[in-house]
Amino acid sequence: MTELNKIALKIISNGKGILAADESNGTMTKRLEAVGVPSTAENRLLFRESIMSSQSMKECIGGVILYDETINQTTSFGKSIPDLISSSGAVPGIKVDVGAKDLANSSEEKITEGLDGLRERLKKYYSLGARFTKWRGVYIISEKYPSKLAINCNAHALARYSALVQESKMVPIVEPEVLMAGDHSADICLKKTSEVIKKCFDELILHKVDLSGIILKPNMILAGSHSKNKISNEEVSQKTLQCLKNSVPNEVPGIAFLSGGQSEIEATENLNLINKNNKTNFIMTYSYGRALQQSALKMWSKNIKDIEATQNTFNHRAKMCTLAAQGKWSHALENK
Ligand code: 13P
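Draft legend 1. Structural context of the overall build of the chain. Within the chain, the regular secondary structure consists of 14 helices and 10 strands. Relative to the compact-globule value of 20 Å for 336 residues, the chain shows a C-alpha radius of gyration of 19 Å, a close match. In the chain, which comprises 336 residues, the proportion classed as buried is 58%. For the chain, the share of sequence-separated contacts (at least 6 apart) that also reach a separation of at least 24 residues comes to 78%. Of note, the chain has its 43 positive side-chain charges centred 3 Å away from the centre of its 36 negative side-chain charges.

Okay, structure coming up:
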């Protein structure tokens, strides 16, 4: 077993999943303003240190993805954020892309940037305690999108990123996200997502990335958010498994889904069914942002000093997701 494979397994084994707390300051400002809290560096830290000090960090969370501001912050009780995460037994991670920019000659699509100077930034993040990283490629979907151009460019960037991250002794999360927005059917999502993931692996292999030392972070297979033909949770799980079985090489240790705008319950129920029906060797877990933090953020906004209520809400959500990562979740447990 390589060191990278060991880190990947530490993050995602035994029902543990990933807390994606790497919202950029722009995104975090939108989230905080939506619940009526001013987006200051202090408030961003207070919310994050509250959930990162909770009991479920030990029991449920295997890794936390941070944003540059947060990995450099010290908690109000004097611990650095990476130390806080490590002391709970989880692995600190860091988002290293610098965002999705307009793709030249395909103006509606995006290419994720951040390769320039990445080797040097990775050294700095390693010295701050990071042992895994994230890069998100983002794809719009319709009959004609994503284009071959967007599929190829983002796969190339994800592969160059992954090779540099492994060179720096960290595990890359490879995140190709086919967005939920649109009126497309689930079958179109299945077709396009499969195409996107297959191209990513072609490039990862070309760039000699060790596939046993990555974590894939894909979207689930869903009908578009404005589709009239929604499918059942059972069908989501079957189509998602079909997609991954046919497009992910066996060496990959695990898959950690993004929630992508699904509600907390929807993301939990779908993950649960994926695990109940999983006949592959891949570990299937969560790497949720909104589907782990939404309720906790709402609770926190009622009284930002009430750390206990915030932590209780977060603990419940993390526990439900960890049950789902083992196929052991139920509505009855959710409402207990
Ligand atoms: P969501 O679960 O809110 O989609 O966030 C996950 C993530 O890290 C997106 O890049």
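Here the narrative resumes.
Draft legend 2. Representation of the site of the ligand. Residues in contact with the ligand amount to 13 residues; listed here are only the nearest, Lys134, Lys217, Ser259, Gly260 and Arg290. Interatomic distance of 2.7 Å between a side-chain N/O atom of Arg290 and an oxygen atom of the ligand. Here the ligand loses 91% of its free accessible area of 300 Å² to cover by the protein chains. Elements that contribute at least two residues to the shell around the ligand include exactly strand 6 (132-139) and strand 10 (283-288). When its residues are assigned to classes, the shell around the ligand shows three nonpolar, four polar and six charged.

Draft legend 3. Molecular detail of the pairing of strand 9 (residues 254-257). Burial along strand 9 is two-sided: Gly254 and Ala256 and Ile255 and Phe257, pointing in opposite directions, are all buried. For the crossover that starts at strand 8 (residues 215-216), traverses helix 10 (residues 233-247) and ends in the parallel strand 9, the hand is right-handed. Of the pairings in the sheet, the one linking strand 9 to strand 10 comprises four bridges and is parallel in character. Within the sheet, the bridge partner assigned to Ala256 lies in strand 10 and is Thr285.

Draft legend 4. Examining helix 3 (residues 41-52) more closely. Compared with the 16 Å implied by 1.5 Å per residue over 12 residues, the 16 Å span of helix 3 between its first and last C-alpha is a close match. Of all 12 residues that make up helix 3, nine are buried, and the element is covered over most of its length. Along helix 3, the residues that are buried comprise Asn43, Arg44, Leu45, Phe47, Arg48, Glu49, Ser50, Ile51 and Met52.

Draft legend 5. Seen up close, the pattern of salt bridges. Within this structure, the stated rule accounts for 13 salt bridges. Ionic pairing is found between Lys95 and Asp22, a salt bridge with its closest N-O pair at 3.4 Å. On the criterion of sequence distance, the pair formed by Lys95 in strand 3 (residues 91-95) and Asp22 in the loop between strand 1 (17-20) and helix 2 (25-34) is long-range, its members being 73 residues apart. Bridged by salt links that share partners, the residues Asp22, Lys95, Lys134 and Glu175 form one connected network.

Draft legend 6. Quick look at the environment of Asn250. Within the fold, Asn250 resides in the loop between helix 10 and strand 9. For Asn250, a relative accessible area of 68% corresponds to the exposed category. Placed 68 residues apart in sequence, Asn250 and Gly182 show a C-alpha to C-alpha distance of 32 Å.

Draft legend 7. Representation of the packing of helix 3 against helix 13 (residues 307-324). Two elements in contact, helix 3 and helix 13, have axes whose closest approach is 9 Å; the angle formed by their N-to-C orientations is 60 degrees. Judged on the interaxial angle alone, helix 13 and helix 3 are oblique. Once helix 3 is placed against helix 13, the crossing between them reads as right-handed. Residues Leu46, Phe47, Ser50 and Ile51 of helix 3 form the contact with helix 13, whose own contacting residues are Ile307, Thr310, Gln311 and Phe314. When the residues that make up the contact of helix 3 with helix 13 are grouped by side-chain class, the tally is five nonpolar, three polar and no charged.

About the thresholds
Residues numbered from 1 in each chain as written. Predicted model: local features only at pLDDT ≥ 70, side-chain atom pairs only at ≥ 80, totals over all residues. Heavy atoms only, no water. Helix = DSSP H or I, 4+ residues; strand = E, 2+ residues; numbered from the N terminus. Rg over C-alpha atoms; globule rule 2.2 N^0.38 Å. Buried < 20%, exposed > 50% of the residue type's maximum accessible area, 1.4 Å probe, protein only. Contact = heavy atoms within 4.5 Å. Lys, Arg positive; Asp, Glu negative; His and termini not counted. Charge placed at Lys NZ, Arg CZ, Asp CG, Glu CD. Near = heavy atom within 4 Å. Polar contact = N/O pair within 3.5 Å; in protein donor to acceptor, adjacent residues only side chain to side chain. Areas by Shrake-Rupley, 256 points an atom, 1.4 Å probe, with all protein chains shown as cover. Nonpolar A, V, L, I, M, F, W, Y, C, P; charged D, E, K, R; others polar. Right-handed = clockwise from strand over helix to strand, strands pointing away. Pairing = 2+ DSSP bridges. Expected span 1.5 Å × (residues − 1). Salt bridge = Lys/Arg side-chain N within 4 Å of Asp/Glu carboxyl O. Axes fitted to C-alpha atoms, helices over the stretch in contact; angles between N-to-C directions. Parallel < 35°, antiparallel > 145°, perpendicular 65-115°, else oblique. Left-handed = near helix turned anticlockwise from the far one by under 90°.

Shape is all these values report; function is a separate question.
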